[in-house]
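Spelled out, the chains give:
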Amino acid sequence: MFLTVVPAHFGGPGLVQGSDVSGVVVKIGEGVTRARPARVSRLFANRLQFKPGDRVAGTFRSGAFAEYASYPELSTFHIPGTLTFEEACTIPLGLTTAAMGIYRRLGYSLDTPISEPKSIVVWGASGSVGQYAVQLAKLVGLRVIGVAGAGAPVAKISGCDVVVDYRQGQTLAQIKQVLGDEQLQHGFDAVSENHTTSQLASLISPSTKDAKVVMVLHPHEPLPTHIQYPQTSVFSIYGEEVRHGPNVVPAMPEDTEFAKRFFPALEGWLREGGKIIPNKITIVEGGLEGVPEGFRRMREKEVSGEKLVFRIAETPGVEAH
Ligand SMILES: NC(=O)c1ccc[n+]([C@@H]2O[C@H](COP(=O)([O-])OP(=O)(O)OC[C@H]3O[C@@H](n4cnc5c(N)ncnc54)[C@H](OP(=O)(O)O)[C@@H]3O)[C@@H](O)[C@H]2O)c1
């Protein structure tokens, strides 16, 4: 069930790190169920089927930092001509992580928006996952209160109704003021470190039923027990347990079934345009040789409201075909 995708540009031997990829399908693997048979003309083809030459993006555990990547059809999707490869590769992991949180862990419907007014707090609304969580929460019909710092303008562009700047030191008081009498039930913590989860949890009353705060990392601090803290991860869709370090993400068959509906829906949103805004991109020069520089910028907190993108073909020694 794998497609072979050339990440946007291609060349000689490559590495196997990296999750997000965009590029052109060069080969369809054995067992791909959505392969377009050669005899079916483009006119009658199912637009969800894959064939060599298709422009796609996708996410997987590894393999993106290479000229050729072998990706599962489940988490690979077509991208419209209106999106550049660089924009498209900001979408897969961040958006899917957000989607698993909003739809699977919090239980909102992919098809039917909510009918009653309701708020959600997205902590880290300017990060990659956070921006997509905001966008999906808006598609669901929620009022979004975002928490961000330097990336506050990006959080606003993503659709936050209100953005609270955590650097001002009045975060909880400001959110409570925005909530007014509303009893908060759901939070999405797209940071999940430096006590962001306990702060978000403190906004939820012990009398709130089915209270949940979605986390993107494992908890690192004691948290109030009247709230559930489901973790979101794209790894649960692949039908096998995934271990990273001491942490285990179990296979969740219902997540797999959801993914089969989600990626086609995403293709539709991207075709329609305007529903999903890709992260703002910053190209790091030097292709894969730029990765250490990317880490340096992140370590020194120079990256805010943007996604660093590496063009494989710019890697010294790699020849573009
Ligand atoms: N579970 C999974 O499967 C999964 C998948 C993807 C990512 N992740 C994890 O999710 C986390 C976020 O990933 P990402 O790619 O979205 O990161 P990112 O794009 O680098 O965004 C991180 C953002 O967090 C914001 N931030 C930092 N401290 C904050 C605070 N105290 N309050 C509010 N915002 C704060 C910063 O925003 P400002 O610049 O505005 O301050 C920063 O831009 C990472 O730890 C990543 O490893 C998990």
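Residues numbered from 1 in each chain as written. Predicted model: local features only at pLDDT ≥ 70, side-chain atom pairs only at ≥ 80, totals over all residues.

Participant: Help me understand the overall build of the protein chain, please; the structure alone is not making it clear to me.
Facilitator: Regarding its fold elements, the protein chain presents 8 helices and 14 strands. The 321 residues of the protein chain split such that 43% are buried. (Helix = DSSP H or I, 4+ residues; strand = E, 2+ residues; numbered from the N terminus. Buried ≥ 20, exposed ≤ 12 C-beta atoms within 10 Å, placed from the backbone.)

Participant: Would you explain the sheet that holds strand S10 (residues 212-215) in this entry?
Facilitator: Strands pair in a sheet through their backbones, by hydrogen bonds, and they do so in one of two ways: parallel or antiparallel. On the basis of which strands lie adjacent, the open sheet formed by 5 strands has the order S8-S7-S6-S9-S10 and parallel pairing. Since the sheet does not close on itself, it has two edges, and those belong to strand S8 (162-165) and S10, each with one partner. Ignoring strand direction, the axes of neighbouring strands in this sheet form an average angle of 20°. Where strand S6 (residues 119-123) lies against strand S7 (residues 143-148), 5 bridges are found, and the strand directions are parallel. If you follow Val122 over to S7, its bridge partner there is Gly146. (Pairing = 2+ DSSP bridges. Axes fitted to C-alpha atoms, helices over the stretch in contact; angles between N-to-C directions.)

Participant: Help me understand the environment of Val242 in this model?
Facilitator: Considering the arrangement of structural elements, one finds Val242 in strand S11 (residues 242-244). Separated by 127 residues in sequence, Val242 and Ser115 have C-alpha atoms that sit 37 Å apart. Val242 has contacts with Arg61, Phe235 and Val249, leaving out every residue within four places of it along the chain. (Contact = placed C-beta atoms within 7 Å.)

Participant: Help me understand the domain arrangement of the protein chain in this model?
Facilitator: Interface size is often expressed as the accessible area that is lost when the parts come together. Under the domain assignment used here, the protein chain contains domain 1 (2-91 + 278-314) and domain 2 (94-249). On a C-alpha basis, the centroid separation for the pair domain 1 and domain 2 is 27 Å. Residue-level contacts link 12 residues of domain 1 with 14 residues of domain 2. For the side of domain 1 that touches domain 2, the residue count by class is 3 nonpolar, 6 polar and 3 charged. (Domains from an automatic or database assignment. Nonpolar A, V, L, I, M, F, W, Y, C, P; charged D, E, K, R; others polar.)

Participant: Would you mind going over the site of the ligand with me for this structure?
Facilitator: Around the ligand lies a shell of 27 residues, among which Gly127, Gly149, Gly151, Val216 and Ser304 are the nearest. For the shell around the ligand, the secondary structure elements donating two or more residues are helix H2 (92-105), helix H3 (128-140) and S7. Counted by class, the shell around the ligand contains 13 nonpolar, 14 polar and no charged residues. (Near = placed C-beta within 6 Å.)

Participant: Sorry if this is basic, but what is going on with the nonpolar core here?
Facilitator: Proteins that are soluble and globular tend to have nonpolar side chains buried together. The biggest cluster of nonpolar side chains holds 79 residues, and the ones touching the most others in it are Ile102, Val121, Val122, Ala133 and Ala137. There are two domains that each give this core at least three residues, and those are domain 1 (2-91 + 278-314) and domain 2 (94-249). Among residues more than four places away in sequence, those in contact with Ala137 are Ile102, Ile120, Val122, Leu142 and Val144. (Core = buried A, V, L, I, M, F, W, Y, C linked by C-beta atoms within 7 Å.)

Participant: Sorry if this is basic, but what is going on with the packing of H2 against helix H7 (residues 253-272) here?
Facilitator: For any two helices packed against each other, one specifies the inter-axial angle together with the distance between the axes. The geometry of H2 relative to H7 is characterised by a closest axis approach of 11 Å and an angle of 115° between their N-to-C directions. Put simply, H2 runs roughly perpendicular to H7. Crossing geometry of H2 relative to H7 is assigned as right-handed. Counted together, Ala99, Met100, Tyr103 and Arg104 of H2 and Asp255, Phe258 and Phe262 of H7 form the full contact between these two elements. Residue classes in the contact of H2 with H7 are distributed as 5 nonpolar, no polar and 2 charged. (Parallel < 35°, antiparallel > 145°, perpendicular 65-115°, else oblique. Left-handed = near helix turned anticlockwise from the far one by under 90°.)

Participant: Sorry if this is basic, but what is going on with the environment of Gly58 here?
Facilitator: Locating Gly58 in the fold gives a position in strand S3 (residues 55-59). With 30 C-beta atoms packed within 10 Å, Gly58 lands in the buried category. With 37 residues separating them along the chain, Gly58 and Val21 place their C-alpha atoms 5.4 Å apart.

Participant: Help me out: how do you make sense of the pairing of S8 in this one?
Facilitator: Pairing of S7 with S8, which is carried by 4 bridges, proceeds in the parallel orientation. Along S8, the bridge assignment pairs Ala148 with Asp165. Tracing the backbone out of S7, into helix H4 (residues 152-158) and back to the parallel element S8 gives a crossover that is right-handed. (Right-handed = clockwise from strand over helix to strand, strands pointing away.)

Participant: Would you mind going over helix H8 (residues 291-299) with me for this structure?
Facilitator: Each full turn of the α-helix corresponds to 3.6 residues, which orients residues three or four apart in the same direction. Within H8, only 0 of the 9 residues are buried, which leaves the element largely exposed. One or two steps after H8, the chain reaches Lys301, where phi turns positive at roughly 55°.

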